[in-house]
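Each chain, letter by letter, is given below.
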Amino acid sequence: MDLDKSLLFKINNTNCVFRTINETDVTQEYIDGLKEQNKYIENIPPNVSISRQQDYIKETINSKNNTICGLFLDGELVGTAGIQLSNSEIYVQDSENVINNVATIGIFVFSKSCRGKGLGKTLVWASTYLLHNAIQLEWFFAGMEIDNIPSNKSFLSCGFKNIDNSGKDYKVKIKISDLKKPAFIKKVVI
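Presented here is a report on the structure given in the accompanying data block.

The rules behind these values
- Residues numbered from 1 in each chain as written.
- Predicted model: local features only at pLDDT ≥ 70, side-chain atom pairs only at ≥ 80, totals over all residues.
- Heavy atoms only, no water.
- Helix = DSSP H or I, 4+ residues; strand = E, 2+ residues; numbered from the N terminus.
- Contact = heavy atoms within 4.5 Å.
- Areas by Shrake-Rupley, 256 points an atom, 1.4 Å probe, with all protein chains shown as cover.
- Patch = residues over 30% accessible without salt bridge, like charges linked within 9 Å, V, L, I, M, F, W, Y side chains within 5 Å.
- Salt bridge = Lys/Arg side-chain N within 4 Å of Asp/Glu carboxyl O.
- Lys, Arg positive; Asp, Glu negative; His and termini not counted.
- Charge placed at Lys NZ, Arg CZ, Asp CG, Glu CD.
- Axes fitted to C-alpha atoms, helices over the stretch in contact; angles between N-to-C directions.
- Parallel < 35°, antiparallel > 145°, perpendicular 65-115°, else oblique.
- Nonpolar A, V, L, I, M, F, W, Y, C, P; charged D, E, K, R; others polar.

This paragraph deals with the overall build of the chain. Counting its regular elements, the chain contains four helices and eleven strands. Look at the contacts in the chain between residues 6 or more apart in sequence, and 61% of them connect residues 24 or more apart. Carbon together with sulfur atoms contributes 47% to the accessible area of the chain, which is approximately 9900 Å² in total.

This is the structure we're talking about:
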């Protein structure tokens, strides 16, 4: 799914763009990051390459219910958010409502040198905010392995709530009205 909107904003004095990526955005740094993080990203083929990832991106953005958005800092792709839409009914814990049309988000910051700088929070916020504004989604979910503490913290800092951490994964959810924009993000334009 190619979203027809993008976000423009600033982090300090850095120009940022968050948009659907395309196959020409795949770089060697992206591939190297995938190889390094295959512990947390389940669908990486063992022999991932630029051309295979480009095919995967093209297939994903041409699908009806999936997309991958990228975070670009001064024009350089530094991370992605994979997004899957679900039209099936989901019972929201602590709610008596069954909801439809929700999204599940997974985030990925490529380089170790970019981690610990708030980019995970930025990916969480931007993907939730953009999807709400582009296709009016209200509920968002995510899951991550229990030892992926930085990812869980990124979601929690944006207002997501833990709904289950009893197994090998954290599961989190948010209703759009509870979304918190990181304070370092300025001048947002859709």
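Next comes the rest of the write-up.
A surface patch of negative charge is lined by Glu-29, Asp-32, Asp-74 and Glu-76. Here Asp-32 lies in helix α1 (residues 28-36).

A few words now on the packing of α1 against helix α2 (residues 50-61). Between α1 and α2, the shortest axis-to-axis distance is 10 Å and the interhelical angle comes to 90°. When the axis of α1 is compared with that of α2, the two are roughly perpendicular. Residues Gln-28, Tyr-30, Ile-31 and Leu-34 of α1 touch α2, and the partners they reach there are Ile-50, Gln-53 and Ile-57. In terms of residue class, the contact of α1 with α2 is made up of five nonpolar, two polar and no charged.

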